[in-house]
Amino acid sequence: MDRNPSPPSSEAEEEEGDAVGNTVYSKHWLFSILTRLIEVISPEKTEPTVSPEGIQTELDEEMENDICKVWDMSMDEDVALFLQEFNAPDIFMGVFAKSKCPRLTEICVGILGNMACFQDICMSISKDENLGLLLTCLSQPEVANVWVERIRENPSVYDCVCFIMSSSTNVELLVKVGEVVDKLFDLDEELMLNWIKNGTCRSVGPSVDDSPEELPDFKIVPCILEAAKQVRSDNPEGLDVYMHILQLLTTVDEGIQAIVQAPDGGKETWSLLYDLVCHELCQPDDPPIIVQEQKTVLASILSVLSAVFASQTEQEYTKMRKNMPLIGSLIRILQYMEDCGKRSVDNSKESEQQETGKADLNDEDFHLKILKDICCELLSNMLQELTKENTLEGLHQGHLNEQTCSCAFQNLLPLYFASVESFLEVLREADQTLADNLEKRFPSLKLHA
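Let me sum up the structure you'll find in this document.

Procedures and definitions
- Residues numbered from 1 in each chain as written.
- Predicted model: local features only at pLDDT ≥ 70, side-chain atom pairs only at ≥ 80, totals over all residues.
- Heavy atoms only, no water.
- Helix = DSSP H or I, 4+ residues; strand = E, 2+ residues; numbered from the N terminus.
- Buried < 20%, exposed > 50% of the residue type's maximum accessible area, 1.4 Å probe, protein only.
- Contact = heavy atoms within 4.5 Å.
- Polar contact = N/O pair within 3.5 Å; in protein donor to acceptor, adjacent residues only side chain to side chain.
- Phe/Tyr/Trp six-rings, centres within 6.5 Å; stacked < 30°, edge-to-face > 60°.

### A short note on the overall build of the chain
Here's step 1: Per the secondary structure count, the chain includes 23 helices and 0 strands.
Here's step 2: Across the 449 residues that make up the chain, the buried fraction comes to 49%.
Here's step 3: A fraction of 75% describes how many contacts in the chain between residues 6 or more apart in sequence connect residues 24 or more apart.

Structural data, given as structure tokens:
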């Protein structure tokens with residue numbers, strides 16, 4: 001991102017009523033720039049000269065200087081309000097949709113990012129249905145690659161997205177931004193890798209000097225976590241989106257490392273997800289059917305926890321003495337799925353008799369199967385780490401008993417036989433009677449002398 005010129009001196013004092021708010025900037029001058037922007041994207045106008053590749057155009061030097069001045073000025077709330085009043089966000093959305101000039105798109109994203117820093121404007125922008133345009137475009141296979149390429153080539157998009165996720169308290173805006181990021185990462189692994197590796201990034205607005213200490217240090221994982229904290233209570237769908245973004249990060253080694261090599265060693269990620277599973281989602285006083293409603297967000301959360309646990313077995317926060325409640329929650333999820341499965345079988349017997357030729361899982365069953373697979377993998381890994389002391393604590397707290405252990409074994413066997421066998425050996429030291437009873441229920445686990 002090029003450094004931009006300082007805002008021009010204004011003669012607003014000479015024209016009464018022309019000043020923007022309490023600034024010395026001219027309304028007339030700003031309005032003229034917005035008008036020129038409209039002309040740039042107007043279909044009646046001749047398209048600027050296109051490069052031989054037909055991909056991008058050069059931005060007129062005078063126009064670039066002027067619009068960069070607006071970028072500088074938009075950091076002032078009075079200017080931002082003026083731009084909002086004259087529907088500047090709609091103009092910028094027109095630029096995003098029609099412009100073939102990356103530099104112009106970059107500048108307009110920067111201005112819009114500055115405007116979104118102010119709460120009232122942010123709320124207004126987030127309610128603008130036109131801002132759904134980007135997500136709509138990304139959802140169209142014919143043009144999605146074009147948009148991904150534009151975003152990949154414009155670092156300011158990363159700047160703007162990270163700034164909004166890390167600082168906005170507007171839940172609607174955060175959800176929309178999260179949906180865009182989720183779609184981008186799902187469409188393009190290269191872009192996701194670039195954003196993961198992005199270290200210290202440039203400010204959303206243009207820098208006013210070359211002092212590096214004034215540049216924000218945005219990292220993608222902390223920004224995602226901050227946004228997730230904002231939406232967790234007010235918007236379950238938004239939480240689902242941000243948990244899925246984290247899950248997408250863990251599909252590449254670089255993403256896992258971005259989580260676990262944070263200054264806190266991944267503790268913040270673990271703590272947030274642990275709290276969601278143990279204290280908010282699929283709780284003991286919920287009906288078992290809740291697992292149907294929460295299956296996708298639970299699958300994302302458990303997938304991330306599993307990746308972090310496998311990578312950070314030596315970290316203090318993953319030690320089993322602190323995580324017995326998580327084991328209890330994993331078993332409860334499996335119990336609820338079993339209960340839902342039994343009800344589903346009972347309710348569908350008649351329809352199955354009528355449609356015996358259908359062998360494929362429906363979407364609901366498919367997502368529950370994914371959740372079960374992820375849950376079992378994490379549970380098996382955690383059971384292998386239990387010591388006699390951890391097991392005694394789990395028995396004392398009620399997380400482990402004959403019912404919960406039977407549920408765990410029923411779901412883990414035979415795929416995770418070694419893990420179950422290892423846990424049973426430890427359980428035998430902690431509670432011989434319980435171990436014997438489980439052996440009777442599961443004869444394949446008879447320990448050899």
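### Here we look at the side chain of Asn-235
Here's step 1: Looking at the secondary structure, you find Asn-235 in the loop between α12 (220–231) and α13 (236–249).
Here's step 2: Within the local environment of Asn-235, its side chain forms a polar contact with the backbone nitrogen of Gly-238, the two atoms lying 2.6 Å apart.
Here's step 3: Filtering out sequence-adjacent residues up to four positions away, Asn-235 remains in contact with Val-171 and Val-175.

### Comments concerning unusual backbone geometry
Here's step 1: Put simply, Leu-413 and Pro-414 share a cis peptide bond, and its omega is 0°.
Here's step 2: Summarising the element assignment, Pro-414 is placed in the loop between α21 (402–412) and α22 (417–430).
Here's step 3: Of note, the phi angle at Asn-87 is positive, near 60°, even though the residue is not glycine.
Here's step 4: Among the secondary structure elements, Asn-87 is positioned in the loop between α3 (77–85) and α4 (88–98).
Here's step 5: Its relative accessible area of 45% is what places Asn-87 among the partly exposed residues.
Here's step 6: Positive phi, close to 50°, is recorded for Cys-282, a residue that is not glycine.

### Focus: the environment of Ser-74
Here's step 1: Considering the arrangement of structural elements, one finds Ser-74 in the loop between α2 (61–73) and α3.
Here's step 2: By relative accessible area, which is 0% here, Ser-74 ends up buried.
Here's step 3: Discounting chain neighbours no more than four positions away, the residues touching Ser-74 are Val-79, Ala-80, Leu-83, Ile-111, Asn-114 and Phe-118.
Here's step 4: Reaching out from Ser-74, the side chain makes a polar contact with the backbone oxygen of Trp-71 at a distance of 2.7 Å.

### Some details on the packing of aromatic side chains
Here's step 1: Under the definition given, this model contains 8 aromatic pairs.
Here's step 2: Plain terms: the ring middles of Phe-409 and Phe-423 are 6.0 Å apart, the flat faces sit at 85° to each other, and that makes the pair edge-to-face. Note that Phe-409 is positioned in helix α21 and Phe-423 in helix α22, a separation of 14 residues in sequence.
Here's step 3: Under the relative-accessibility criterion, Phe-423 is labelled buried at 1%.
Here's step 4: Their ring planes at 70° and their centres at 5.7 Å tell us that Phe-409 and Phe-442 sit as a pair that is edge-to-face. Here the residue Phe-409 occupies a position in helix α21, and Phe-442 occupies one in the segment after α23 (432–441), the gap between them amounting to 33 residues. Exposure class is identical for Phe-409 and Phe-442. Each is buried.
Here's step 5: Here the aromatic residues Phe-31, Phe-82 and Phe-86 are joined through ring pairs into a cluster of three or more.

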